[in-house]
Amino acid sequence: AAAASAVRAAGRRSRRFFDIFVAEVPWTVSSKELKEYFSQFGPVQRCQLPFDKDTGFHRRYCWIKFSSAQDVQSVFQKDSHILEGAKLSLKQQTGRRRSQRKSQSE
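Rules and cut-offs
Residues numbered from 1 in each chain as written. Predicted model: local features only at pLDDT ≥ 70, side-chain atom pairs only at ≥ 80, totals over all residues. Heavy atoms only, no water. Helix = DSSP H or I, 4+ residues; strand = E, 2+ residues; numbered from the N terminus. Buried < 20%, exposed > 50% of the residue type's maximum accessible area, 1.4 Å probe, protein only. Areas by Shrake-Rupley, 256 points an atom, 1.4 Å probe, with all protein chains shown as cover. Pairing = 2+ DSSP bridges. Core = buried A, V, L, I, M, F, W, Y, C linked by side-chain atoms within 4.5 Å. Arc of directions from axis to C-beta. Contact = heavy atoms within 4.5 Å. Salt bridge = Lys/Arg side-chain N within 4 Å of Asp/Glu carboxyl O. pLDDT = per-residue confidence, 0-100.

Participant: For this particular structure, what's the right way to read the overall build of the protein chain?
Facilitator: A tally of regular secondary structure across the protein chain gives 4 helices and 6 strands. Starting at the N terminus and walking to the C terminus, you meet the elements of the protein chain as α-β-α-β-β-α-β-β-β-α. For the protein chain, the residues scored as buried account for 30% of the 106 residues in total. As displayed, the protein chain has an accessible area near 7400 Å², and 49% of this comes from carbon and sulfur atoms.

Participant: Explain the pairing of strand β3 (residues 61–66) here, please?
Facilitator: Bridge analysis of strand β1 (residues 20–23) against β3 gives 4 bridges, and the strand direction is antiparallel. Considered in β3, the bridge of Ile20 is made with Ile64. As judged from the 4 bridges shared by strand β2 (residues 44–48) and β3, these two strands associate in the antiparallel manner. What sits directly across from Gln48, in β3, is Trp63.

Participant: Would you mind going over the nonpolar core with me for this structure?
Facilitator: Soluble globular proteins tend to pack their nonpolar side chains together in the buried interior. In terms of nonpolar packing, the biggest core is built from 19 residues, with Ile20, Val22, Leu34, Phe38, Cys62, Ile64 and Phe66 touching the most fellow members. Of all the secondary structure elements, the ones that give two or more residues to this core are β1, α2 (31–38), β2, β3 and α3 (69–77).

Participant: Help me understand α2 in this model?
Facilitator: Note: α-helices contain 3.6 residues per turn, so residues at a spacing of three or four share the same orientation. Within the span of α2, buried status applies to Leu34, Tyr37 and Phe38. Axial view of α2: buried residues confined to an arc of 90°, hence all on one face. Looking at the buried residues of α2, the elements they touch are β1, β2, β3, α3, β4 (82–83) and β6 (89–92).

Participant: Sorry, what's going on with the pattern of salt bridges here?
Facilitator: A side chain with one charge may pair with a side chain of the opposite charge, provided their charged atoms come close. According to the stated counting rule, one finds 2 salt bridges in the structure shown. With its nearest N and O atoms 3.3 Å apart, the salt bridge here joins Glu36 to Lys32. With a gap of 4 residues between them, Glu36 and Lys32 both fall in helix α2, about one helical turn apart. Judged by relative accessible area, which is 47%, Glu36 ranks as partly exposed.

Participant: When you look at the environment of Glu24 in this model, what are you seeing that I'm missing?
Facilitator: The topology assignment puts Glu24 in the loop between β1 and α2. Residue classification places Glu24 among the partly exposed residues on the basis of a relative accessible area of 42%. Spatially, the C-alpha atoms of Glu24 and Leu90 are 8.8 Å apart, while their sequence positions differ by 66 residues. When neighbours within four sequence positions are excluded, Glu24 is seen to be in contact with Arg60, Ala86, Lys87, Leu88 and Ser89.

Participant: Any chance you could explain the confidence of the model for the protein chain here in plain terms?
Facilitator: For any part of a model where pLDDT is low, the fine detail of the predicted coordinates should not be relied upon. Taken as a whole, the protein chain shows an average pLDDT of 83; of its residues, 73% reach a score of 70 or greater. Mean pLDDT across the secondary structure elements of the protein chain bottoms out at helix α4 (residues 98–105), with 44, and peaks at α2, with 97. Within the model, pLDDT remains below 50 along residues 97–106, and this stretch shows 3 contacts once partners closer than five positions in the same chain are excluded.

Below, the structure is given as structure tokens:
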């Protein structure tokens, strides 16, 4: 029972943030393509690729949300990630919590 509650708690925590920040995304790559690429490591819950309203192009970075921490680890076990000839720059997101930011500004 304790293990199940720990898993539920981890699930609640993980909903607050994305797992991976991806930079250097080629202009020609869509969020659908990013989702397809990263799904080889595990189920992708979300891919957020922000667009610039003025140019109509995406901003060349995105966030990827996975179903489990194991999927995130398998992404980082691969040496490099290349989409359409461009090497992606990946960073693992840490659990930023809003309460920390609030306490810093006080």
